[in-house]
Amino acid sequence: MVNSRGGRELSSLVEMGLAGKMEGCWACCSSCLFVLAEPRRRTQSMSLGGERPHRGNVNSPRAFTMLRHDGLCKSEEYLDLRREKIEFGVDDDAVYAKFLSHRSCYDLIPTSSKLVVFDTQLLVKKAFYALVYNGVRAAPLWDSQKHEFVGMLTISDFISILHKYYKSPLVKMDELEEHKIDTWREELKAQLKSFVWIAPDDSLVDAVKTLVQNRVHRLPILDPINGNVLYILTHKRILRFLYLYIYELPRPSYMNKTLEELKIGTYDNIETATPGTTLIVALNQFVTRRISALPIVDPQGKLINIYAKFDVINLAAEKTYNNLDITIEQALKHRQNFEGVTKCSTTETLSAVMDRIVQAEVHRLVIVDPEGRVKGVVSLSDILAFLVLRPLNQPSLSTSSAD
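Residues numbered from 1 in each chain as written. Predicted model: local features only at pLDDT ≥ 70, side-chain atom pairs only at ≥ 80, totals over all residues. Heavy atoms only, no water.

(A) Seen up close, the environment of Leu-222. The residue Leu-222 is located in strand β5 (residues 218-222) in this model. Linking Leu-222 and Ile-198, residues 24 residues apart in sequence, is a C-alpha distance of 6.2 Å. Every residue in contact with Leu-222, bar those within four places of it in the chain, is listed here: Phe-149, Phe-195, Trp-197, Ile-198, Ala-199, Pro-200, Gly-227, Asn-228 and Val-229. (Helix = DSSP H or I, 4+ residues; strand = E, 2+ residues; numbered from the N terminus. Contact = heavy atoms within 4.5 Å.)

Encoded structure:
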């Protein structure tokens, strides 16, 4: 299967037995479908003169670095915002919502990308190994009997399986070793969310609304013609796209106000852990509180580290998930390239917070007081909900920790 508008249909690949032919993937079998990198084809309506948009000048060097690495590009048709039929008022609260309403999800699909798709007949263990092997955090699930996508497999599913079936280091989790994805989904039928997706021509405002109100972190973009998944859209990519134009758009006065003044973030009942907290206790906190990260604090409540859902996938990578009685401190010894917890204070402006969360490429900032004690969390979802949904009077079901 390929990631382009001219690609063959997924169902045809399954029926022809062409799935899972990725050289060197030790984790997969014929039920693992790979969507490999291929340049996407832009139509004439999406660029000038039918040519692919080229990179223009970007005001911020940091934004340019982000643009170059992420495949986000600014074409001439976007550079001159005066050509757009967008009317910005003086100190317009809805300036970012208006801008994103004139941008489609297609604009955020990179020129090339990797996408992994799993058939529901694949073993759960192999599916999570494949996520690790391919460096992705989630994969759409294809039901070859129904010939349709039925959901997403994410790290949250891996955590739920461990939480449900772990007994002790001496008891093997046969369910993880032997269950197929379909079997696992059947057992959790009452808890499963419906498959949420969006079309490439839908606006980015629609994308933000769908992500925030459905409390999901990943939104598949489906081609309405052939049903192929073109890309997985996230809060992070939308905010980074907006950040590319932040210096070219009118600046609302609220960007100079503090988090405390704007009441952005979550401050009540913040779950924390200590270095001595066991992994099974941390997983229980993830599942029961529906949070995506645990700030790690010392005896004085000062922030010293963070344990996120993404760190749990290391258990699959290292095949150490049969012992969840080890501490977070022991588990984090295997984490690589960690540059410390990204944090902020309630007295910092929204502009400063947005700069930091985008440049640090993280999903959340931990809010601390002057002594370094944890006071709250502000997430990508919180920021997008404030910038985009609030001015449109759209309801937000988001919390900083929701997954």
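What follows picks up the thread again.
(B) Fine view of the nonpolar core. Judged by nonpolar contacts, the single largest core of 54 residues is most densely connected at Leu-233, Leu-239 and Leu-387. By residue number, the principal contributor to this core is helix α16 (residues 380-389), which donates eight residues. Not counting residues up to four positions away in its chain, the partners in contact with Leu-239 are Met-354, Ile-357, Val-358, Leu-380, Ile-383, Leu-384 and Leu-387. In this structure, Ala-130, Leu-141, Leu-153 and Leu-315 belong to the second largest nonpolar core, which totals 44 residues. (Core = buried A, V, L, I, M, F, W, Y, C linked by side-chain atoms within 4.5 Å. Buried < 20%, exposed > 50% of the residue type's maximum accessible area, 1.4 Å probe, protein only.)

(C) How the structure looks around the packing of aromatic side chains. Scanning the entire structure with this criterion turns up 11 aromatic pairs. Their ring planes at 70° and their centres at 5.0 Å tell us that Trp-142 and Phe-149 sit as a pair that is edge-to-face. With relative accessibility at 6%, the residue Trp-142 sits in the buried group. Ring centres of Tyr-243 and Tyr-247 lie 6.4 Å apart, and the angle between their planes is 65°; this geometry places the pair in the edge-to-face category. For Tyr-247, a relative accessible area of 40% gives the class partly exposed. (Phe/Tyr/Trp six-rings, centres within 6.5 Å; stacked < 30°, edge-to-face > 60°.)

(D) Layout of the packing of helix α9 (residues 204-213) against helix α10 (residues 235-244). Orientation of α9 relative to α10, taken along the N-to-C sense of each, is 145°, at an axis distance of 10 Å. Of the two elements, α9 crosses α10, and the hand of that crossing is left-handed. Contact with α9, carried on its side by Leu-204, Ala-207, Val-208, Leu-211 and Val-212, involves His-235, Ile-238 and Phe-241 of α10 and no other residues of that element. Here the contact of α9 with α10 is composed, by residue class, of seven nonpolar, one polar and no charged. (Axes fitted to C-alpha atoms, helices over the stretch in contact; angles between N-to-C directions. Left-handed = near helix turned anticlockwise from the far one by under 90°. Nonpolar A, V, L, I, M, F, W, Y, C, P; charged D, E, K, R; others polar.)

(E) Structural view of the sheet that holds strand β10 (residues 364-368). Here three strands make up an open sheet; going across it, the order is β9-β10-β11 and the pairing mixed. Strands with a single pairing partner mark the edges of an open sheet, and in this sheet they are β9 (343-344) and β11 (374-379). The pairing of β10 with β11 spans five bridges and is classified as antiparallel. Across the sheet, Ile-367 pairs through a bridge with Gly-376, a residue of β11. Each of β9, β10 and β11 touches helix α15 (residues 350-360); the most contacted strand, β10, lies at about 130° to it. (Pairing = 2+ DSSP bridges.)

(F) A look at the pattern of salt bridges. This structure, assessed with the given rule, holds eight salt bridges. Arg-289 is paired through a salt bridge with Glu-271; the nearest N and O atoms lie 2.4 Å apart. With a gap of 18 residues between them, Arg-289 in helix α12 (residues 279-289) and Glu-271 in the loop between α11 (259-262) and α12 connect regions that are remote in the sequence. The residue Glu-348 makes a salt bridge to Arg-356 at a minimum N-O spacing of 2.5 Å. The class of Glu-348 is buried, set by a relative accessible area of 18%. Judged by its relative accessible area of 28%, Arg-356 is partly exposed. (Salt bridge = Lys/Arg side-chain N within 4 Å of Asp/Glu carboxyl O.)

None of the figures reported here should be taken as evidence of function without further support.
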